[in-house]
Amino acid sequence: EMARTQKNKATNYHLGTLKAKIAKLRNDLLVEQGGGGGGGGEGFDVARLGDARIALIGFPSVGKSSLLGQLTGTKSEAAAYEFTTLTCIPGTMKYKGSKVQVLDLPGIIEGAAQGKGRGREVIAVARNADAILIVLDAGKEGLNRHREILETELETVGIRLNQRPPNVTLTKKTTGGIKFASTIPLTKLGPDPVKVATQVLREYKVSNADILAREDITVDQLVDVIQGNRQYKPCLYLYNKIDTVTIEEIDQLARQPHSIVGSVAKGFNIGEADEDDPLKAKMWEYLGLTRIYTKRRGVQPDLEEPVVLSQIRKGTAVKSLCANVSSTMLRDFNFALVWGTSAKHSPQRCGLGHQLDDEDVVQIVTKTNNQQRQDKNYQKTVQGFSDKYHKKKLEAKKHKQTKLRG
């Protein structure tokens, strides 16, 4: 139907309705095939470690296992035949004082979103990663369209690569009907955006809702907002084995968006685990990591072990730094003194919302005893400490009595 329909302003409403129906049917089909639970599958449940997690995804025999060994020093079986890796192999990459967990996943094939070749388990791990590194064979990319196939598979299961969530607010209600508003002109929803949005919402059986669009969205983006389960991941594409293609082909691949070229075997752009190289620098950039050095009053800052914050996980504000160090520090926070590029002058007195830059130096100043007593939750906090102390004392007494009886 969509192939037969001519694309213009008059048919935009009809095409939008068809897109909403297709997206809903695809989602229902994937849920039905996926079953009612089941977790990540045997060999795919890996504990989250480090400051960030990045998943290696690609077709079989593109060099993912060799890349894992080069980046982390972890030995993952590599051979000349396909599907050498059958489970998830984790490794830790140490770079700029941070620890990044790198996951080597089995190669996936076309149709992975429907479960072919354990594709569903692989994609489930990718959904839990902070970023994705898609490894491609530079010698095969020109003929096989591996990049396009992988993007389609991830798009099908709701993973959006190098996109940000639409600036749209959807509030479901029990009564009142559908109210649609926008702060800017909408050109991608046809001549009557309200009619298109209303029809798409009704396809998902939403009859009462307030929706506010703060950017020019498409029908696909509107469907993503309604679904509410989309994952937005930064993605870097690595074209491996560039020693097998010509310099003209390398230049063409390097100009692709979000791409870097290299060779694990020859060491082009990819160094050893303890070396700095362009690939590690790009991975650091896409993971959105920031190093923060802390200092105590009257003491030089600790430049050996930084606190690494992630823009993807908890953000890079002073509040995230306090939560990373100690929950008590966040509770008793008074102000922060910041030295670095994020400060207008050194030091700058900042609050919890101040955004920090890489290699900033921060001193956290907590409330004095008098300030803590004036806090409205002070009595509750003191009572909590007292209860905890007496509970611990009682448990120790019972343990001692049990030991004496025995």
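The structure under discussion appears in the preceding block.
Position numbers for residues start from 1 in each chain and track the written sequence from start to end. pLDDT decides what is reported in this predicted model: residues at 70 or higher carry local features, side-chain atom pairs at 80 or more are listed and counted, and totals for whole chains, interfaces and linings draw on all residues regardless. Excluding hydrogens and water, the side-chain figures rest on all heavy atoms present in the structure.

Asker: Help me get a handle on the overall build of the protein, residues and values and all.
Answerer: The secondary structure listing takes helices from DSSP runs of H or I that are at least 4 residues long and strands from runs of E that are at least 2 residues long, numbered from the N terminus. A tally of regular secondary structure across the protein gives 13 helices and 16 strands. Working definition: with a 1.4 Å probe on protein chains only, accessible area under 20% of the residue-type maximum means buried, over 50% means exposed, and in between means partly exposed. Put simply, the protein has 406 residues, and 42% of those count as buried. Contacts between residues were defined by any pair of non-hydrogen atoms, one from each residue, lying within 4.5 Å. A sequence separation of at least 24 residues applies to 64% of the contacts in the protein between residues at least 6 apart. Note on areas: Shrake-Rupley with a 1.4 Å probe; residue coverage comes only from the protein chains shown. Just so you have it, the protein exposes about 22,900 Å², and 50% of that area is on carbon and sulfur atoms.

Asker: Tell me about the sheet that holds strand S7 (residues 178-182), and name the residues and values.
Answerer: With respect to topology, 3 strands assemble into an open sheet ordered S6-S8-S7, the strand pairing being mixed. Single-partner strands in this sheet number two, and they are strand S6 (168-172) and S7. With strand direction ignored, the average angle separating the axes of adjacent strands in the sheet is 10°. Sheet strands in contact with helix H6 (residues 193-203) are S6 and S7, and its direction is about 135° off that of S7. Strands qualify as paired when DSSP identifies two bridges or more between them. Each axis is a line fitted through C-alpha atoms, taken for helices only over the stretch in contact, and angles between the N-to-C directions span 0 to 180 degrees.

Asker: How would you summarise the sheet that holds strand S14 (residues 333-339) if you had to cite specific residues and measurements?
Answerer: Spatially, S13-S12-S16-S14-S15 is the arrangement adopted by the 5 strands of the open sheet, whose pairing is mixed. Whereas interior strands pair on both sides, the edge strands pair on one side only; in this sheet they are strand S13 (307-310) and strand S15 (348-350). Strand-to-strand, the axes of this sheet are offset by a mean angle of 35°, without reference to chain direction. Where S14 lies against S15, 3 bridges are found, and the strand directions are antiparallel. The partner of Leu-337 across the bridge, within S15, is Arg-349. Docked against the sheet, helix H10 (residues 318-325) engages strand S12 (289-294), S13, S14 and strand S16 (360-366), running at close to 125° with respect to S13.

Asker: How would you explain unusual backbone geometry if you had to name every residue and give the values?
Answerer: For the bond running from Ser-346 to Pro-347, omega is -10°, close enough to zero to count as cis. Of note in this structure, Asn-162 is not a glycine but carries a positive phi near 55°. Structurally, Asn-162 can be placed in the loop between strand S5 (159-161) and S6. Exposure remark for Asn-162: the relative accessible area of 27% places this residue in the partly exposed category. Of note in the backbone geometry, Lys-205 takes a positive phi value of approximately 60° without being a glycine.

Asker: Can you explain helix H9 (residues 278-287)? Please cite residues and give values.
Answerer: All of the buried residues in H9 are Leu-279, Lys-280, Met-283, Trp-284, Tyr-286 and Leu-287. For this analysis, a polar contact is any N or O atom pair within 3.5 Å, provided that within protein one partner can donate a hydrogen and the other can accept it, and provided that sequence-adjacent residues contribute only side-chain to side-chain pairs. Put simply, Asp-277 is the residue that caps the front of H9, since its side-chain oxygen is 3.1 Å from the backbone nitrogen of Leu-279. With its phi angle positive at about 65°, Gly-288 sits one or two positions after the end of H9.

Asker: So what about the packing of H6 against helix H7 (residues 219-227)? Which residues, and what values?
Answerer: Between H6 and H7, the shortest axis-to-axis distance is 11 Å and the interhelical angle comes to 40°. Comparing their axes, H7 and H6 come out oblique. At the point where H6 passes H7, the crossing takes the right-handed sense. Residues Val-196, Ala-197, Val-200 and Leu-201 of H6 form the contact with H7, whose participating residues are Val-219, Leu-222, Val-223 and Ile-226. Roughly parallel here means an angle under 35 degrees, roughly antiparallel means over 145, roughly perpendicular means 65 to 115, and every remaining angle is called oblique. A clockwise turn of the near helix away from the far one marks a right-handed crossing, whereas an anticlockwise turn of less than a right angle marks a left-handed crossing.

Asker: So, the pairing of S16: which residues are in play, and what are the values?
Answerer: For S16, the tally of buried residues reaches 5 of 7 residues, placing the bulk of the element in the interior. Bridge count for S12 against S16 is 3 bridges, and the pairing is parallel. Across the sheet, the residue bridging to Tyr-293 is Val-361, located in S16. Bridging between S14 and S16 involves 6 bridges; their strand directions are antiparallel. Looking at the pairing, Phe-335 lines up with Val-365 of S16.

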